[in-house]
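An overview of the molecular structure
Here is how the chains run, residue by residue.
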Amino acid sequence: MSKLYIIGIGPGAIEQMTLRAREAIGECDVIVGYKTYVRLIECLASGKEVISLGMTEEIERARKAVELALEGKVVGLVSSGDAGVYGMAGLALEALKERQADTVAVEVVPGVPALCAAASLLGAPLGHDFAAISLSDLLTEWKTIEKRIMAAAESDFIIVLYNPKSGKRTWQLERAREIILGHRPGTTPVGLVTSAYREGEKVVLTDLERMLSHEAGMLTTVIIGNLSTYIHGNKLITPRGYQKKYGPLFPE
Ligand SMILES: C[S@@+](CC[C@H](N)C(=O)[O-])C[C@H]1O[C@@H](n2cnc3c(N)ncnc32)[C@H](O)[C@@H]1O
């Protein structure tokens, strides 16, 4: 029976992939995905038809996956991190809807999103309420993005910035930092994680004042602490508030 798996493959390393994602890949006749992600899971796809497309071809990937499922194949559409977080899941479900492909069984397989992968390498920065904001203004107007950054900064959310910078989008991270500095001191801890759980992994602990002196790119996730976040050793920690309510963990 035909089926479309929409699979979040996690941040990169095979060990960070869920068991269900691995099983789902094993059940597929065809794998469709962005070439970098297909390369990351190559070792699980031997003997399968593999269709790898370019970065800007998201619509083509979704169309292809739906067409192949309608031909009766078991298709795996792979997406990095979690497929539903700025990933292919929404587009694929919309493609199924447009094509009225109600006969195709669908399973969305969750994956470890970049924000969790990055947070794990930094320590525990997401211990309280947070907002994830993509700085990509290719599909969302910049004024909407600014409004969201302002609201998150004003409300003391920990802020996770996805898509902070690319070859063409060079000023957005600076502007986001400027807005956040209007509500938080320059000493606010910041973590920049590039290529989490992939070759070239880089973890930087810094603060709002100095964050721009570190490199950020298409594979970086930026985590900006709230007013309670602090750095201890090489770990970023946002307290949940236990000690405030119950006192020290090890009273004298
Ligand atoms: C289109 S979004 C994909 C998000 C993905 N679906 C998820 O669940 O995290 C691409 C952005 O995710 C972040 N990202 C993806 N993989 C990453 C990794 N291995 N390390 C750090 N950031 C990553 C970067 O901010 C990048 O610009």
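Attention here is on the structure that accompanies the text. Model, not experiment: these values are computed from the prediction.

A few points about helix α6 (residues 142–154)
- Helix length check: α6, at 13 residues, gives a terminal C-alpha distance of 18 Å against a target of 18 Å (1.5 Å per residue), a fit within 8%.
- The complete set of buried residues in α6 reads I149, A152 and A153. Taken down its axis, α6 places every buried residue within 100 degrees of arc, on the same side. Within α6, the exposed residues directed more than 90 degrees away from the buried face are K143, T144, K147 and A151.

A closer look at the packing of helix α3 (residues 58–70) against helix α4 (residues 89–98)
- Their axes nearest at 9 Å, the elements α3 and α4 cross at an angle of 50 degrees. It follows that α3 is oblique to α4 by the angle criterion. For the pair α3 and α4, the sense of crossing is right-handed. Judged by residue contacts, E58, A62, R63, A65 and V66 of α3 engage L91, A92, A95 and L96 from α4.

Re the pairing of strand β8 (residues 158–162)
- For β8, a buried count of 4 out of 5 residues is recorded, marking the element as mostly surrounded by other parts of the structure.
- Two strands pair when backbone bridges link them, and strand β7 (residues 130–134) and β8 are joined in this way by 5 bridges, in the parallel orientation. By the bridge assignment for β8, S134 is matched with Y162.
- Pairing analysis gives 3 bridges linking β8 to strand β11 (residues 220–224), with the strands arranged antiparallel.

Conventions we followed
- Here the residue numbering is sequential within each chain, running from 1 through the sequence in written order.
- Where local features are concerned, this predicted model is filtered to residues with pLDDT of at least 70; where side-chain atom pairs are given and counted, the filter is 80 or more; whole-chain, interface and lining totals use all residues.
- Helix and strand labels come from DSSP, where a helix needs a run of H or I of at least four residues and a strand needs a run of E of at least two; each type is numbered from the N terminus.
- To estimate the expected span of a helix, count its residues, drop one, and scale the result by 1.5 Å.
- To assign burial, the other C-beta atoms lying within 10 Å of each residue's own C-beta are counted, with C-beta atoms placed from the backbone; 20 or more indicates buried, 12 or fewer indicates exposed, and intermediate counts indicate partly exposed.
- Think of the arc as the fan of directions from the helix axis to the C-beta atoms.
- Only the stretch in contact is used when fitting a helix axis, every axis being a line fitted to C-alpha atoms; angles between N-to-C directions are given from 0 to 180 degrees.
- To sort the angles, those under 35 degrees are grouped as roughly parallel, those over 145 as roughly antiparallel, those from 65 to 115 as roughly perpendicular, and the leftovers as oblique.
- Note on convention: near helix rotated counterclockwise from far helix by under a right angle means a left-handed crossing. Clockwise means right-handed.
- Throughout, a residue-residue contact means that the two C-beta atoms, derived from backbone geometry, are no farther apart than 7 Å.
- Paired strands, as defined in this entry, are two strands with at least two bridges between them according to DSSP.

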